[in-house]
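Here are the chains, one letter per residue:
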Amino acid sequence: MLDITKVDISVMADIFSYCDWTNLKFNLAILAVAFNPLFWNIVGHWEHRTRSLTKLFGSPFTACYSVAVVILLLNVHRSYSFTEAMKIQPKLQLLDNPAAFYMGSGLFLIGTIFVMSSFFVLGFVGTFLGDYFGVLMEAKVLTFPFNVMENPMYWGSTLIYLGWAIMNASPTGLVLTAWVAAVYKVAILFERPFTEEVYRQKEKNMKSK
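Quantities reported herein were computed from a predicted structural model and do not represent experimental measurements.

**Examining the packing of aromatic side chains**
- A complete count under the given rule lists 13 aromatic pairs for this structure.
- On the basis of an interplanar angle of 25° and a centroid distance of 6.0 Å, the ring pair of Phe114 and Phe144 is categorised as stacked. Of this pair, Phe114 sits in helix α5 (residues 98–127) while Phe144 sits in the loop between α5 and α6 (152–167), and the two are 30 residues apart along the sequence.
- Under the relative-accessibility criterion, Phe144 is labelled partly exposed at 39%.
- Ring geometry for Tyr132 and Phe194: centres 4.1 Å apart, planes at 5°, overall stacked. Here Tyr132, found in the loop between α5 and α6, pairs with Phe194, found in helix α7 (residues 171–208); they are 62 residues apart in sequence, far enough to count as distant. Across this residue pair, the class does not change: Tyr132 and Phe194 are buried.

Structure, rendered in structure tokens:
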């Protein structure tokens with residue numbers, strides 16, 4: 001586990017000094033990173049309580065697919081904002097070399113494996129808020145990549161952004177990646193209890209039949 005008391009503050013300060021915190025594109029990227037999990041958590045919990053989208057679209061599957069399209073578009077915008085923020089800010093000379101580029105490429109590849117394997121195991125609906133729409137999986141997924149880490153979709157995505165930042169030798173990208181990780185960590189604190197509860201209720205209902 002990372003001991004934050006041992007983090008070299010001077011290194012962090014040096015990285016932060018590369019970022020223009022008043023730049024519009026940089027701040028838009030910060031907002032895009034924060035907005036996405038906020039959006040799907042608010043919509044998901046609202047749908048779970050009211051079933052409003054299911055009623056509107058006439059089916060939980062159609063409603064889930066519709067929200068998934070919005071989430072995918074938001075994720076494309078987040079990645080675009082992330083990249084644009086990196087382009088306009090200076091590079092970190094320490095990372096501007098082939099070795100760092102290959103290391104970043106490796107992290108990007110590992111992250112992609114975690115994200116794509118999570119998607120294939122969970123399926124489209126399982127990936128995009130199916131639990132909130134009442135569409136539950138048969139049982140908790142325990143195969144790869146969920147047997148390697150919890151929330152591989154989130155941490156795989158974080159690795160992709162980290163790899164992308166290193167490939168571009170971007171201190172701004174590193175800062176935004178840290179922000180991605182922090183936002184996902186907060187999202188997990190809200191999502192994990194909900195997921196555990198809905199599957200606990202499912203198991204309870206199955207035993208009572």
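**With respect to unusual backbone geometry**
- Cis geometry marks the peptide bond from Phe144 to Pro145, where omega comes out at 5°.
- As for its position among the elements, Pro145 is in the loop between α5 and α6.
- Even without glycine at this site, Leu129 takes up a positive phi of about 70°.
- Tracing the backbone shows Leu129 in the loop between α5 and α6.

**Description of the pattern of salt bridges**
- All chains considered together, the criterion is met by 4 salt bridges.
- Residue Glu84 is joined to Lys87 by a salt bridge in which the shortest nitrogen-to-oxygen separation is 3.2 Å. Residue Glu84 and its partner Lys87 are located together in helix α4 (residues 60–87), separated by 3 residues, close to a single helical turn.
- What makes Glu84 buried here is its relative accessible area of 13%.

**So, α4**
- End to end, α4 covers 41 Å across 28 residues, agreeing with the expected 40 Å (1.5 Å per residue, within 8%).
- Two or three places before Phe61, at the opening of α4, Ser59 has a side-chain oxygen 3.2 Å from that residue's backbone nitrogen.

**Quick look at the side chain of Thr83**
- Relative to the helices and strands, Thr83 resides in helix α4.
- Among the polar contacts listed, one links the side chain of Thr83 to the side chain of Trp164, at a separation of 3.1 Å.

Conventions and cut-offs
Residues numbered from 1 in each chain as written. Predicted model: local features only at pLDDT ≥ 70, side-chain atom pairs only at ≥ 80, totals over all residues. Heavy atoms only, no water. Phe/Tyr/Trp six-rings, centres within 6.5 Å; stacked < 30°, edge-to-face > 60°. Helix = DSSP H or I, 4+ residues; strand = E, 2+ residues; numbered from the N terminus. Buried < 20%, exposed > 50% of the residue type's maximum accessible area, 1.4 Å probe, protein only. Salt bridge = Lys/Arg side-chain N within 4 Å of Asp/Glu carboxyl O. Expected span 1.5 Å × (residues − 1). Polar contact = N/O pair within 3.5 Å; in protein donor to acceptor, adjacent residues only side chain to side chain.

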